[in-house]
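So you can see what is in the structure, the chains are spelled out below.
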Amino acid sequence: MNQLILCTLLLLAPRALVGACPAGCQCQDPKTILCAARRGQTVPRGLPPNTLSLYVFENGISMLSEDSFTGLPALQLLDLSQNKITSIQKNIFQPLTELVNLDLSSNQLQEITNETFHGLRLLERLYLQKNRIQHIHATAFDTLENLLELKLQNNQLWAVPPLNLPNLLLLDISWNKIPTIAPGAFHAVNIESLKIAGLGLTSLNEELFQAQNNLHELDISDNLLERVPAVLRRLGSLTKLSLAGNARISQLPAEDFHNLHNLQELDISNLNINTIPRDFSSFFPRLRAVTAAGNPFNCICQMSWLVQWVNTSSVLLRRPEETRCHFPPKNSGKLLPPAPICPPRTCLNGGTCHLGPQNHLECLCLAGFTGMYCEVEVRGTTPSPATQAPPPSRRVSIAQVGSTSLKVDLQNYIQSKAQLKGIRLSYRNLSGPDKRAVMLRLPASLSEYTVRALKPNCTYRVCIGPLGEKVSKEEHCAEAQTLPASHQQHSPVTQSKDSNLTLMIVPALAAMLLLVVVVTVSTYYCRHRQPKAHASTGGDAGPLELEGVKACLENGDLSSHGHKVPEAAMLSGGSECEVPLMQSHYPSNNNTPGLKPSYF
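Residues numbered from 1 in each chain as written. Predicted model: local features only at pLDDT ≥ 70, side-chain atom pairs only at ≥ 80, totals over all residues. Heavy atoms only, no water.

**Brief notes about the sheet that holds strand β23 (residues 406–409)**
The three strands are arranged β22-β23-β26 in an open sheet whose pairing can be described as antiparallel. Each end of this open sheet is capped by a strand with a single partner; those strands are β22 (397–400) and β26 (448–451). Ignoring strand direction, the axes of neighbouring strands in this sheet form an average angle of 25°. Here four bridges tie β23 to β26, and the two strands are oriented antiparallel to one another. Considered in β26, the bridge of V408 is made with Y449. (Pairing = 2+ DSSP bridges. Helix = DSSP H or I, 4+ residues; strand = E, 2+ residues; numbered from the N terminus. Axes fitted to C-alpha atoms, helices over the stretch in contact; angles between N-to-C directions.)

Shown next as structure tokens:
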């Protein structure tokens with residue numbers, strides 16, 4: 001009898017190692033637990049102590065108790081977004097000493113005290129957007145010395161909270177009620193991306209960014225600025241600038257843009273300008289994209305240079321269909337610059353005519369045809385139906401932003417995939433000793449993503465593929481190098497090896513080896529120690545059947561929930577999703593432009 005009990009325990013050992021899955025949750029990966037739309041009132045109990053990632057969003061949770069997270073010493077990612085949490089008592093998160101990512105967005109928090117985040121010394125990303133926060137204690141973030149990203153947009157703040165965060169790279173306080181920002185408000189000297197859109201600002205103090213010499217992205221859109229802020233003259237490190245939606249700005253003085261030689265993206269849409277200075281193009285030798293839609297342009301001879309510049313340069317004009325003339329009356333409503341039109345029957349054999357780089361006409365050919373006009377038939381192939389045009393290019397396009405950042409263009413890949421749930425983006429440093437991949441989960445609505453906290457002067461391999469599918473030939477990869485450290489005055493902040501989004505290859509292999517060893521030993525022991533009566537009757541146990549352990553959370557299927565997020569639940573303000581912690585079904589970390597609150 002004892003032998004039979006021992007055999008049973010050994011055979012059940014692999015399942016015991018994984019641990020029981022809480023009701024209403026998914027546990028394909030034993031270290032990742034997904035409890036989406038569970039409709040529970042509390043955090044699920046009985047979680048395995050080796051859990052690394054816990055997703056408990058949209059559960060209806062209103063309160064957290066002191067023992068909500070006890071017994072989870074290894075937890076690195078905690079997503080509590082889209083619940084109904086109104087307050088957080090002290091010491092709630094203290095047991096989570098290894099926590100790296102915390103998402104509390106889309107709740108009902110009103111205050112952040114000096115004890116709210118006590119004990120989270122390793123925290124790198126803190127998402128608090130779309131709450132009702134009115135007050136933040138002066139020392140609320142002082143212990144978060146490793147914090148890289150802080151999102152506070154769409155709250156009810158009246159002032160910039162104290163931020164003594166030397167390693168902070170991204171700060172978003174957009175869509176609060178902060179009409180003025182005093183010099184010295186931002187003590188985060190290494191900050192790379194600052195978003196202060198929709199605050200009601202009428203001006204920016206010229207001394208505001210004295211300590212921020214590493215600022216790459218600045219979003220001051222949808223404010224009440226009456227002119228281009230003179231403070232831009234001292235921000236020569238900017239690569240991306242948005243002035244959009246400041247409808248009181250009617251002129252673009254040349255002197256305000258002279259020092260922006262590193263600018264790669266500029267958004268001057270929805271202002272009140274009727275012309276752009278002729279020498280405007282010479283200010284930005286590295287410019288790659290400009291948005292000028294929604295302005296009342298006066299299309300007279302003084303504006304003719306813009307048409308020629310857009311048609312002959314490599315600069316991409318975004319939202320061209322919204323870039324139109326308002327004056328004189330005979331040109332009202334016309335595109336500026338006019339878009340080339342494909343002549344009838346330009347492409348043969350069912351090919352589709354479209355505008356390529358620099359507005360040149362190109363033909364997308366059906367399978368079985370090639371040539372400039374799809375006039376050449378490829379022998380040995382069967383032409384596809386005329387309605388099926390080939391998808392656009394899916395190559396990975398990467399742009400250098402700085403010594404610690406790379407920007408990945410996702411637009412081509414998104415257009416090439418039908419019914420894309422989300423994007424899996426992974427990157428690894430080919431120049432350093434640690435070549436393990438860092439994996440990110442991005443929403444399908446994101447047209448670009450900036451990878452931050454990289455090491456300067458290093459070559460990175462970046463791959464993108466469909467979220468929810470195993471790594472296969474569908475992945476598209478490219479390599480790019482960050483700029484040398486001399487391009488910034490502050491030392492780069494490196495990302496922790498234990499980032500929650502890292503693909504933990506070595507621990508996964510070790511766990512699988514352990515399972516194999518236990519199964520082998522238990523099977524051998526049972527077969528050799530069973531009573532002879534079983535052997536004589538042919539009662540040998542069959543092969544041990546175990547469920548395969550999937551490598552990532554992304555292999556889970558949430559379609560059974562039938563959950564559809566209304567457009568009103570999407571967020572507004574910012575232009576990027578920095579490091580989403582969730583699936584694309586849920587809007588909590590999707591920072592898509594052009595959509596108004598409610599928000600994540």
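**Some remarks on the sheet that holds strand β27 (residues 459–466)**
With antiparallel pairing, four strands are arranged side by side in an open sheet as β25-β24-β27-β28. Strands at the two margins of the open sheet, each flanked by one partner only, are β25 (438–443) and β28 (476–481). Averaged over all neighbouring strand pairs, the angle between strand axes comes to 25°, with direction disregarded. Here strand β24 (residues 422–429) runs beside β27; their pairing, made up of seven bridges, is antiparallel. Each residue of the ladder has a partner; that of L425, found in β27, is I464.

**Comments concerning the pairing of β27**
Taking burial as the measure, the eight residues of β27 include six buried ones, the bulk of the element. When β27 meets β28, the two strands line up antiparallel, connected through six bridges. By the bridge assignment for β28, R461 is matched with E479. (Buried < 20%, exposed > 50% of the residue type's maximum accessible area, 1.4 Å probe, protein only.)

**Some points on the environment of Y55**
With respect to the helices and strands, Y55 occurs in strand β2 (residues 53–55). For Y55, a relative accessible area of 1% gives the class buried. Sequence separation of Y55 and D79 is 24 residues, and the distance between their C-alpha atoms is 4.7 Å. At a separation of 3.3 Å, a polar atom in the side chain of Y55 contacts the side chain of R441. (Polar contact = N/O pair within 3.5 Å; in protein donor to acceptor, adjacent residues only side chain to side chain.)

**Section: unusual backbone geometry**
Between F327 and P328 the backbone carries a cis peptide bond, its omega angle lying at -15°. The residue P328 is located in the loop between β17 (325–327) and β18 (352–355) in this model. For E58, which is not glycine, the phi dihedral falls at a positive 55°. Inspection of the secondary structure puts E58 in the loop between β2 and β3 (77–79).

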